[in-house]
Amino acid sequence: SIMMISSAICVLALVGAVMGDDSRRVCSVFGTAMHGHGTYYGLGADAGNACSLRDPPPALASSPVFRGTVAINTPDYSKTYGCGICYRVSASGNGNGNTPIQGDFYVYGNNWCPECTEGTLDFADNGDGVWDIDIQPVQCPVGDLKIMYKYEGTNPYYIKIQTRNERVPVSKFQIKENGVWQDTNREAAYWLYSPKSPPIASPLEVRYGSYVTGEVIYDKVDVIGAGEIAGYNGVQFEKDDTLPSAE
């Protein structure tokens, strides 16, 4: 069974527009045990995932700590703010079907299950049945991994950037332009920004944070058209020992 450890603080010291409820959902349930059902949707079926955590998949997704990946239920997916979330799963094999889900283990959330309600996960594995599970959002097992960035369709006049390998999901992302921190928009698992005085200079100065831990990270990253790239500072969210973790 899963014990409630502690609730996250859900405060983020980043000036700018107040983000809506979608950005706060992950924090509001972090560490909370939620009951639901586990189902299967096929091994490898997450290749074209709704979180755009592909081409290439982030290094974190292949951590040996995980027993695979899952499609996130709609409340936790939260219009992609929940992408990259890690869960502890606890199950005793209760349910119906031929492939029981049982044990205590961790999974990586990289896709969306639109019909899944709170507490429910769809496993990217071959199996059959509907099984009782308890799930708990936890800090991801990042080990020595640093946060990487992924671009898509980007140029000095339009920025489309994603973070990956983060210990906890990012709630807000800002880009500095002409000495002023500007908010980006969250859409389709990327952070979007149209420069106010294009072309914007490379490298980008970025800062972002998570409501889960309240930490704000600063980094620089070169602007490229598409693909995964490391930042200049080799950053990662610090582990919060008051919150549950997969490591």
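Visitor: What exactly am I supposed to notice about the nonpolar core here?
Guide: The nonpolar side chains of a soluble globular protein tend to be buried, and buried together. With 58 residues, the main nonpolar core has Y87, V89, L121, F123, Y149 and Y208 as its most contacted residues. Setting aside its immediate chain neighbours within four residues, L121 contacts H37, G38, T39, V70, A71, I72, N73, Y87, V89, V107, I133 and I135.

Visitor: Help me understand unusual backbone geometry in this model?
Guide: Among all residues save glycine, negative phi is the norm, and among peptide bonds the norm is trans. Here the residue pair P198 and P199 is connected by a cis peptide bond, since its omega of 0° sits within 30 degrees of zero. Here the amide bond leading from S202 into P203 is cis, since omega sits at 5°, within 30 degrees of zero. Summarising the element assignment, P203 is placed in the loop between β13 (190-193) and β14 (204-209). Backbone geometry places T80, a non-glycine residue, at a positive phi of 80°.

Visitor: In this structure, what is going on with the sheet that holds strand β15 (residues 216-221)? I would like to understand it.
Guide: Taken in spatial order, the four strands make up an open sheet running β11-β10-β14-β15, and their pairing is antiparallel. The open sheet has two free edges, formed respectively by β11 (180-183) and β15, since each of these has just one partner strand. Each adjacent strand pair in this sheet contributes to an overall mean axis angle of 30°, direction not counted. Examined bridge by bridge, β14 and β15 share six bridges and lie antiparallel to one another. From the neighbouring strand, R207 faces β15, where its bridge partner is Y218.

Visitor: Is there a simple way to think about the state of the cysteines in this case?
Guide: Any covalent bond linking the sulfur atoms of two cysteines counts as a disulfide. According to the stated counting rule, one finds three disulfides in the structure shown. The disulfide partner of C51 is C83, and the gap between their sulfur atoms is 2.1 Å. For the disulfide bridge between C51 and C83, the dihedral angle about the S-S bond is near -80°, and by the sign convention the bridge is left-handed. Here C83 lies in the loop between α2 (74-77) and β3 (86-92) and C51 lies in the loop between β1 (34-40) and β2 (66-73), a separation of 32 residues in the sequence. Overall, the relative accessible area of 8% leaves C83 in the buried class. Shown here is the disulfide that connects C86 with C140, its sulfur atoms set 2.0 Å apart. What sets the handedness of the C86 and C140 disulfide is the S-S torsion sign, and at about 105° it is right-handed. You can see C86 sitting in strand β3 and its partner C140 sitting in the loop between β7 (130-138) and β8 (148-151), a full 54 residues away along the chain. In this pair, the class of C86 matches that of C140, namely buried.

Visitor: I'm lost on the confidence of the model for the chain in this one. Help?
Guide: Detailed reading of the predicted model is not advised wherever pLDDT is low. Scored by pLDDT, the chain comes out at a mean of 93, with 93% of its residues at no less than 70. Note on residues 1-6: pLDDT is under 50 here. Beyond four places in sequence and across chains, it has 21 contacts.

Conventions we followed
- Residues numbered from 1 in each chain as written.
- Predicted model: local features only at pLDDT ≥ 70, side-chain atom pairs only at ≥ 80, totals over all residues.
- Heavy atoms only, no water.
- Core = buried A, V, L, I, M, F, W, Y, C linked by side-chain atoms within 4.5 Å.
- Buried < 20%, exposed > 50% of the residue type's maximum accessible area, 1.4 Å probe, protein only.
- Contact = heavy atoms within 4.5 Å.
- Helix = DSSP H or I, 4+ residues; strand = E, 2+ residues; numbered from the N terminus.
- Pairing = 2+ DSSP bridges.
- Axes fitted to C-alpha atoms, helices over the stretch in contact; angles between N-to-C directions.
- Disulfide = S-S within 2.5 Å.
- pLDDT = per-residue confidence, 0-100.

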